[in-house]
Amino acid sequence: MTEQESYPVPAEWAARTQVDAAGYASLYGRALGDPGRFWLEQAKRLDWIKRPEIAGDWSFNEDDFRIAWFPDGRLNVAANCVDRHLKTRGDQTAIIWEPDDPADAARRFTYAELHAEMGRFANVLKAAGVRKGDRVTIYMPMIPEAAFAMLACARIGAIHSVVFGGFSPEALAGRIRDCDSSIVITADEGRRGGRPVPLKANVDAAAGHAPSLKTVIVVKVTGANVAMQDGRDHWYEDLASRAGTDCPVEPMGAEDPLFVLYTSGSTGKPKGVLHTSGGYLLWAALTHELTFDYRAPSIYWCAADIGWVTGHSYILYGPLANGGTTLMYEGVPNWPTASRIWEVVDRHKVEILYTAPTALRALMREGDAPVQRTSRASLKLLGSVGEPINPEAWRWYHHVVGEDRCPIIDTWWQTETGGTLIAPLPGATALKPGSATLPLPGVDPQIVDAVGNVLTGEAEGNLVIARSWPGQMRTVWGDHARFFQTYFSTYKGKYFTGDGCRRDADGYYWITGRVDDVINVSGHRMGTAEVESALVLHPKVAEAAVVGFPHDIKGQGIYAYVTLNANEEPSDALRKELVAWVRTEIGPIASPDAIQFAPALPKTRSGKIMRRILRKIAEGDTSNLGDVSTLADPSVVEHLVANRAA
Ligand code: WT7
């Protein structure tokens, strides 16, 4: 029983921690007991142009719905991440960049150098006409310029919208259109696992579907020959050669937007999650310090991509706000060999490593030798994020990677939450493999049943958060009604996470996965509706239904049921064509892992697709399909079961 399997805080950690068990209890109690006072005190972590006198001002109720933190405060996020460290840490490394190809040289930027590069980029943006409040789309590989560009936006008050470099031109165009962005920052090509990624060509393809796009700034990475459109496209190096490095900071209200980041939901197109300046930065900084017991200048590596919220909060904003040294890795975990992650750890003496269970499962499959070839003596703490970590992967991470000396910090959070909400503190919390353990200060989780009754003690149900916290998203870009509808209408007065959860006898939280139509593929969120819309765009497809199913490496895979138009024949060739089609429409992360051609889908008499049944068939759990009596045509199910995709 994993619930009984517990790992106490190692003595060494108890001795050196900034927050021990009593410290955590005190922080937690104060944050919920006197939130106004607690958060104004915490706000002192940041440098304010005008210090706030108000902490949280929020209500989750429909009639006075509002979320604001430190609304009377003024600050600049970039100044907090860079300028304020210049006096004490000007010569300390802020960013270590590790290239895709281990034969290439790593690069390092001190805080002073980062300050200059950020200022230069900010001046380039200003010269291109970018003003406070404008949206700037960033479609970049994992290179230092991506960090410079994000910080440059923050410096001048522009709102960045980073689009993961693995998204297709179609997906990129949708995200440019949705926030009406007129500028894209990209690179000629990206590099991942030794292969080029045609970023500029993708921007060109997107431009045809994004009429708002007027300016493209291109950073030269591989030197590939790319088309440059006169008047629209500019090489960054040309613009930068004419720009100075001094750029004044734009004073921002704490509630002024910092960024938009698109994420999939259970319905419709991806939502632009909006985060603001003061509360977000405070949450990123506080949680980064608490969960990793972070003390600058420890070498810290979050192996995410800047295109996801993990990259925003825990490669860039949190670590830099804390004056840390953050490693940015251009490549993938298993190239050129399965030892790469551990070699990077050794090369840069990484003390804290933060990665995803899917990467661990893929590496675990290669056996222990690729890990044991390396030293890893520098490692002190190991983090996990993005999906539930299965106890087997947890133990491997703990025993083989960390040689039983590094706590595993399993952090539960979401794009919407800005930063971690539930996680152990290394010096305070006994660990249980597979549990994200306990809430951070200020986080008030509840487990509710389907109709919203709050379940106490040991319980299983849906996870809601009963109070606001500073890092919470503020709205869906351009659709405030959808924001309320999605998160606050299911359970009145509470934020609904979309996750199922169990609380054990020790009060530990165990996330059981999404309870909505969202699939967690390799720690990335994919809406079933999005994949379905992509499939039905294909001329041969009449109807599609997509569900998740257990996948050894990805956690969940994508299983698509496809009904073809009359006169179309199922074939392996068509199956391949549909997979390729979805990759072009959305991106490789949306590739279906299984496609089952179905003459019909199981529907109720009112025409609603019964996903519960489709999920069970995809999982191979066909012995007990539950009540099928409401189906319009029960024989459809027999056909589906008999023809399950392998
Ligand atoms: C969903 C959020 C967290 C930033 C990266 C993903 C799942 C995330 C955990 C964890 C169990 C987790 C949840 C959540 N999730 N971390 N430690 N244990 N589940 O952000 O794309 O917004 O996805 O990922 O289901 O709702 P995201």
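All residue numbers refer to positions counted from 1 along the written sequence of the respective chain. Confidence filtering applies because this is a predicted model: local features only for residues at pLDDT of at least 70, side-chain atom pairs given and counted only at 80 or more, and all residues used for totals across whole chains, interfaces and linings. The side-chain values count all of the structure's non-hydrogen atoms but skip hydrogen atoms and water molecules.

J.: So what exactly am I meant to see when it comes to the overall build of the protein here?
T.: The secondary structure content of the protein amounts to 21 helices and 31 strands. A radius of gyration in this sense is built from C-alpha atoms; the matching globule rule multiplies 2.2 Å by the number of residues raised to 0.38. In terms of overall dimensions, the protein is globule-like: its C-alpha atoms have a radius of gyration of 24 Å, near the 26 Å expected for 646 residues. Each principal axis of the C-alpha atoms in the protein carries an extent, and together these give about 75 × 65 × 60 Å. A total of 646 residues make up the protein; the buried ones form 60% of that total. Residues count as neighbours in contact if any of their non-hydrogen atoms are within 4.5 Å of one another. Put simply, 72% of the contacts in the protein that link residues at least 6 apart link residues at least 24 apart. Computed with a 1.4 Å probe, the accessible areas rest on the Shrake-Rupley method; for each residue, only the protein chains presented here act as cover. For the protein, the accessible area works out to roughly 23900 Å², and carbon and sulfur atoms hold 50% of it. In this tally, Asp and Glu contribute negative charge and Lys and Arg positive charge; neither His nor the terminal groups of the chain are included. Every charge is mapped to an atom, namely NZ of Lys, CZ of Arg, CG of Asp or CD of Glu. Each charge class in the protein can be summarised by its mean position, and for the 66 positive and 77 negative side chains these summaries are 2 Å apart. A run of DSSP states H or I qualifies as a helix once it reaches four residues; a run of E qualifies as a strand once it reaches two. Both are numbered from the N-terminal end. Three labels apply to residues, based on accessible area from a 1.4 Å probe with only protein chains included: buried if under 20% of the type maximum, exposed if over 50%, partly exposed otherwise in between.

J.: What's the story with helix H14 (residues 357-364) in this structure? I'm lost.
T.: At 3.6 residues per turn, the α-helix brings residues three or four places apart onto the same side. Among the eight residues in H14, seven count as buried, and that is most of the element. Listed as buried for H14 are Pro357, Thr358, Ala359, Leu360, Arg361, Leu363 and Met364. Its buried side turned inward, H14 meets helix H13 (340-348), strand S18 (352-355), strand S19 (381-385), helix H16 (391-401) and strand S30 (555-564).

J.: Before we go on, may I ask you to explain the packing of aromatic side chains in this structure?
T.: Each pair of aromatic rings is reported with the distance of its centres and the angle of its planes. Side-chain rings of Phe, Tyr and Trp (the six-membered ring for Trp) are treated as a pair once their centres are within 6.5 Å; stacked means planes under 30 degrees apart, edge-to-face means over 60, and tilted covers the remaining angles. Per the counting criterion, the structure on display carries 36 aromatic pairs. Consider the rings of Phe65 and Phe488, whose centres lie 4.9 Å apart with planes at 55 degrees: the pair is tilted. Highlighted residues: Phe65 in the loop between strand S1 (56-59) and strand S2 (66-69) and Phe488 in helix H17 (residues 480-488), separated in sequence by 423 residues. Taking the relative accessible area as the measure of exposure, Phe65 reaches 15% and is therefore buried. In this structure Phe488 comes out as buried when scored by relative accessible area, which is 1%. With centroids separated by 4.8 Å and ring planes inclined at 70 degrees, the aromatic side chains of Phe292 and Tyr354 adopt a geometry described as edge-to-face. Taken together, the residues span a long stretch of sequence, with Phe292 in the loop between helix H11 (278-291) and strand S16 (299-302) and Tyr354 in strand S18 at a distance of 62 residues.

J.: Where do I start with the site of the ligand in this structure?
T.: Residue proximity to a molecule or strand is established when one non-hydrogen atom of the residue lies within 4 Å of it. Around the ligand sit 17 residues in total, of which Asp410, Thr411, Thr415, Asp499 and Arg525 are the nearest. In protein, a polar contact means a hydrogen-donor-capable atom and an acceptor-capable atom, both N or O and within 3.5 Å, with residues adjacent in sequence counting only if both atoms are side-chain atoms; elsewhere, any N or O pair within 3.5 Å suffices. Between the ligand and Asp410 there is a distance of 2.7 Å, counted from a nitrogen atom to a side-chain nitrogen or oxygen. Elements with a minimum of two residues in the shell around the ligand: helix H12 (309-321), strand S20 (408-411) and strand S26 (509-514). Amino acid classes used here: Ala, Val, Leu, Ile, Met, Phe, Trp, Tyr, Cys and Pro are nonpolar; Asp, Glu, Lys and Arg are charged; the rest, including Gly, are polar. Of the residues in the shell around the ligand, the class split is six nonpolar, six polar and five charged.

J.: Looking at this structure, I do not really get the side chain of Ser378. What am I missing?
T.: For Ser378, the position within the fold is in the loop between helix H15 (369-372) and S19. Ser378 gets classed as buried once you look at its relative accessible area, which sits at 15%. Other than its neighbours up to four places away in sequence, Ser378 contacts Val345, Lys349, Val350 and Glu351.

J.: I tried to follow the environment of Gly23 on my own but got confused; where do I start?
T.: Tracing the backbone shows Gly23 in helix H2 (residues 21-33). The sequence separation of Gly23 and Gly427 amounts to 404 residues, and the corresponding C-alpha distance is 9.5 Å.

J.: Looking at this structure, how should I read the sheet that holds strand S21 (residues 445-448)?
T.: In any sheet, the strands associate via hydrogen bonds between backbone groups, in a parallel or an antiparallel arrangement. As summarised here, the arrangement of the five strands in space is S22-S21-S23-S25-S26, forming an open sheet in which the pairing is antiparallel. Among the strands making up the open sheet, the edge pair consists of strand S22 (454-455) and S26. Strands qualify as paired when DSSP identifies two bridges or more between them. Looking at chain direction, S21 and S22 are connected through two bridges and run antiparallel. If you follow Val448 over to S22, its bridge partner there is Val454.

J.: Just checking my understanding: could you explain the nonpolar core for this structure?
T.: Soluble, globular proteins show a tendency: their nonpolar side chains are buried together. One finds Leu125, Tyr317 and Val562 to be the most contacted residues of the largest nonpolar core, which totals 163 residues. Among residues more than four places away in sequence, those in contact with Tyr317 are Val77, Cys81, Met150, Leu151, Ala154, His160, Leu258, Phe259, Tyr280, Leu281 and His312. We define the nonpolar core as a collection of buried residues of types Ala, Val, Leu, Ile, Met, Phe, Trp, Tyr and Cys that are connected through side-chain atoms lying within 4.5 Å of one another.

J.: I'm lost on the environment of Thr604 in this one. Help?
T.: Assignment of secondary structure puts Thr604 in the loop between strand S31 (594-597) and helix H20 (611-619). With a relative accessible area of 16%, Thr604 lands in the buried category. Separated by 46 residues in sequence, Thr604 and Ile558 place their C-alpha atoms 23 Å apart. Beyond its immediate stretch of four places on either side in the chain, Thr604 contacts Met610, Thr630, Leu631 and Ala632.

J.: I'm lost on the sheet that holds strand S17 (residues 325-329) in this one. Help?
T.: Pairing within the open sheet is mixed, and its seven strands lie in the order S5-S4-S17-S16-S18-S19-S20. Of all the strands in the sheet, the pair left with one neighbour each is strand S5 (107-110) and S20. Between one strand axis and the next, the sheet turns through 20 degrees on average, direction left out of account. With three bridges connecting them, S16 and S17 associate as parallel partners. Across the sheet, Ile299 pairs through a bridge with Thr325, a residue of S17. Note on method: axes are straight lines fitted to C-alpha atoms, helices fitted across the in-contact stretch only, with angles between N-to-C directions ranging 0 to 180 degrees. Contacts between H13 and the sheet are confined to strand S4 (93-98), S5, S16, S17 and S18, with S4 contributing the most and set at about 145 degrees to the helix.

J.: Explanation requested: the pairing of strand S11 (residues 215-219) in the structure shown.
T.: Within a regular beta strand, the side chains point alternately toward one face of the sheet and then the other, so they alternate between its two faces. Counting buried residues along S11, five of its five residues qualify, which places the element largely inside the surrounding structure. Neither face of S11 is open: one carries Thr215, Ile217 and Val219, the other Val216 and Val218, and all of them are buried. As paired elements, strand S8 (residues 183-187) and S11 share five bridges and run parallel to each other. Its bridge partner lying in S11, Ala187 is registered against Val219. Here three bridges tie S11 to strand S12 (residues 233-235), and the two strands are oriented parallel to one another. For Val216, the partnering residue across the bridge sits in S12 and is Asp233.

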